[in-house]
Amino acid sequence: MVQEREHVTGQPEEPFLSVEGLTYQVDGQTILSGVSFEVWAGERVAVFGPSGVGKSTLIRLLNRLDEPTSGTIRISGQDYRDISPRLLRRRLGMVMQSPNLFPGTVADNLRFGPHAHGETLSDDMIRTLLSGVDLAGLEDREVSKLSGGEAQRVNLARTLANQPEALLLDEPTSALDQAAKRDVEETILSVINTQNVTCILVTHDRAQVTRLAERVLLLEDGRLVADGSIAEVLDAE
Amino acid sequence: MLSRWIENQVWLGAAQAGITMVAALLVVWVTDRLKLGLKKDILVSLGRGIVQIVLVGFLLTVIFSADLWIAIPVILGMIAIASVMTIQRVKNIPNALWISLVGIAAGAGLVISVMTFLGVIEQALTSIIPIGSMMVYGAMNTNALMIERFRSEVTSHVGQIEAGLALGASPEQVIRPYTRRAVSAALTPNINGLRSLGIVWIPGAMAGMVLSGQNPAYAGFYQFVVSGSIFVTASITVLISIVLLRKQVFSKAEQLLLRAGEGV
Ligand SMILES: Nc1ncnc2c1ncn2[C@@H]1O[C@H](COP(=O)(O)OP(=O)(O)OP(=O)(O)O)[C@@H](O)[C@H]1O
Ligand SMILES: [Mg+2]
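Definitions and limits used
Residues numbered from 1 in each chain as written. Chains lettered and ligands numbered in written order. Predicted model: local features only at pLDDT ≥ 70, side-chain atom pairs only at ≥ 80, totals over all residues. Heavy atoms only, no water. Helix = DSSP H or I, 4+ residues; strand = E, 2+ residues; numbered from the N terminus. Rg over C-alpha atoms; globule rule 2.2 N^0.38 Å. Buried < 20%, exposed > 50% of the residue type's maximum accessible area, 1.4 Å probe, protein only. Phe/Tyr/Trp six-rings, centres within 6.5 Å; stacked < 30°, edge-to-face > 60°. Lys NZ or Arg CZ within 6 Å of the ring centre and 35° of its normal. Pairing = 2+ DSSP bridges. Axes fitted to C-alpha atoms, helices over the stretch in contact; angles between N-to-C directions. Salt bridge = Lys/Arg side-chain N within 4 Å of Asp/Glu carboxyl O. Near = heavy atom within 4 Å. Polar contact = N/O pair within 3.5 Å; in protein donor to acceptor, adjacent residues only side chain to side chain. Areas by Shrake-Rupley, 256 points an atom, 1.4 Å probe, with all protein chains shown as cover.

Caption draft 1: Up close: the overall build of chain A. Along the backbone of chain A there are eight helices and ten strands. Against the compact-globule benchmark of 18 Å for 237 residues, chain A has a radius of gyration of 17 Å, which places it among compact chains. The dimensions of chain A, computed from C-alpha atoms along their principal axes, are 45 × 40 × 40 Å. Across the 237 residues in chain A, those meeting the buried criterion constitute 56%.

Caption draft 2: Spatial organisation of the packing of aromatic side chains. Applying the stated rule across the entire model yields two aromatic pairs over all chains. Their ring planes at 35° and their centres at 4.3 Å tell us that Phe102 of chain A and Phe112 of chain A sit as a pair that is tilted. Taken together, the residues Phe102 of chain A in the loop between β6 (92-95) and α3 (106-116) and Phe112 of chain A in helix α3 connect sequence positions ten residues apart. Judged by relative accessible area, which is 14%, Phe102 of chain A ranks as buried. The buried category is assigned to Phe112 of chain A, whose relative accessible area is 15%. Summarising the aromatic geometry, the rings of Tyr218 of chain B and Tyr222 of chain B are spaced 5.8 Å apart at their centres and angled 40° between planes, so their arrangement reads as tilted. Of this pair, Tyr218 of chain B and Tyr222 of chain B both sit in helix α10 (residues 216-248), separated by four residues, roughly a single helical turn. Looking at Tyr222 of chain B, the relative accessible area reads 11%, which means it is buried. Between Arg64 of chain A and the ring centre of Tyr80 of chain A, over which it is positioned, the NZ or CZ distance is 5.3 Å.

Caption draft 3: Geometry of the sheet that holds β6 of chain A. Residue and element names in this part refer to chain A. One open sheet accounts for six strands, arranged β6-β7-β8-β3-β9-β10; its pairing is mixed. The open sheet has two edge strands with one neighbour each: β6 and β10 (223-229). The sheet shows a mean angle of 15° between the axes of neighbouring strands, direction not considered. Across four bridges, strand β3 (residues 44-48) lies against strand β9 (residues 215-220) in parallel orientation. Following the sheet pairing, Val45 is matched in β9 by Arg215.

Caption draft 4: Inspection of the sheet that holds strand β4 (residues 70-75) of chain A at higher detail. All names here are of chain A. Strand order in this open sheet of four strands is β2-β1-β4-β5, and the pairing throughout is antiparallel. The sheet terminates laterally at β2 (29-39) and β5 (78-79), the two strands that pair on one side only. Bridge count for strand β1 (residues 17-26) against β4 is five bridges, and the pairing is antiparallel. When the sheet's bridge partners are listed, Leu17 is paired in β4 with Ile75.

Caption draft 5: Region of the structure containing the pattern of salt bridges. All names here are of chain A. A full pass over the atoms with the stated rule returns 18 salt bridges over all chains. As a salt-bridge pair, Asp205 and Lys181 come within 2.5 Å of each other at their nearest N and O atoms. Residue Asp205 is found in the loop between β8 (198-203) and α7 (206-212), and its partner Lys181 is found in helix α6 (residues 178-195); the two are separated by 24 residues along the sequence. Salt bridges sharing common partners tie together Glu43, Arg215 and Asp227.

Caption draft 6: Examining the site of ligand 1 more closely. All names here are of chain A. For ligand 1, the full set of nearby residues is Val26, Ile31, Ser51, Gly52, Val53, Gly54, Lys55, Ser56, Thr57, Glu171 and His204. Separating an oxygen atom of ligand 1 from a side-chain N or O atom of Lys55 is a distance of 2.8 Å. Thr57 has a polar side-chain atom sitting 2.5 Å from an oxygen atom of ligand 1. Contact with the protein chains removes 65% of the 640 Å² of surface that ligand 1 exposes when unbound. Looking at which element gives the most residues to the shell around ligand 1, the answer is helix α1 (residues 55-62), with three residues.

Encoded structure:
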């Protein structure tokens, strides 16, 4: 992106994200149990595991859409409860599985995040963001007229408009058909390459892990059972 | 015909109600023959209806002989009952009782006192109590409609609401389209009612005044006072309730608490 990062990451010896004993229970059921890991600035980490093991729950906790039962998260050393939820959510930009775009045009959707904290997204920025996700020229398109793959790329651009320090992607391609899936994957790859943004990607697609990430967190029944390079974790399985 | 034989007004009323009851029981007999399965429902409703309204009639005779100030506890009592009835209609909203109580009390309390003070509502128990009851009743219905609509709007837009939050927007901002829709949907029947005033349907207050022999033109103006005040009361009620309600569906950390199929 053209503008400089707003937020400075802490000292280089410190992980960007540090998850400590994260546990989440609902109605007496434990969904995540004592999950701990660290993510360093610029890393691409895949959260991998079969359906229902708590991958989305983990991502939602990182974005503070849900409150953990115990444990905490530190961002550049700072407890995330000491950061306002709104700022935290802008810093850790989340892209959900389904686009959930707001009614209106593509540009309206991109302006939403900056507008929410009192900034105006310039038309130049909108063009830059859209060409970054391979949607140049679509700013005035009504979102109801977008294909699934286009909508998901608008979703990505909408999150990028907040200039997040890290991207949290929850199965960003699982609602798409095979062709659209590869296209959106390409877009994600080019975005994280050009912006060198830290990325945590949830997927249950082994091939996607190899294409988009370099490190894997393996979840099983709410527990983190492996954390390492793709070769260490997936090939050992 | 009846009035030629019965002089006491209460007994006259009883006889008139008796004839109406006979007509209704005929309907019960017909529906029973048609096997509509409504027999028990109708009988219970007819029974409750006549007992309740006659009791209220006797109660009002007692109340009307009291001092004007008795209007205050009577209206407050109506507001309390209306709030309890509201929460029987809406499920899974925390503090719904208090929200309704505050909303209805503010709307009805404000409109009734200002209108009475200005003399738009006559400063007599025979005006304040029946008109007040219409306002409280209207506010209750509108508010229950608003709360129910709000809940269904929120639970069917969880994805967009959370997408908005995830983009760093405030709860007020992400919920705004749904609060707007809930309020306008709740007020719509009221607005339509105002528009159709007098077309086919001569509403209660005017009908009563005409029945008791007052000038129909005055009764027309007065019906507008009543309908207009009900509208204003209901609007104030839902506008206050929605502000309180909105807070209930988010946690302190600005997380959406109300999801489909779940209580909070
Ligand atoms: N609010 C909730 N109340 C009750 N159970 C929940 C809640 N949220 C999640 N769960 C349960 O927690 C478990 C983990 O859910 P989660 O969505 O995190 O899994 P996932 O790994 O993302 O699965 P998928 O790959 O299917 O998306 C599931 O069994 C789910 O039913
Ligand atoms: Mg999931």
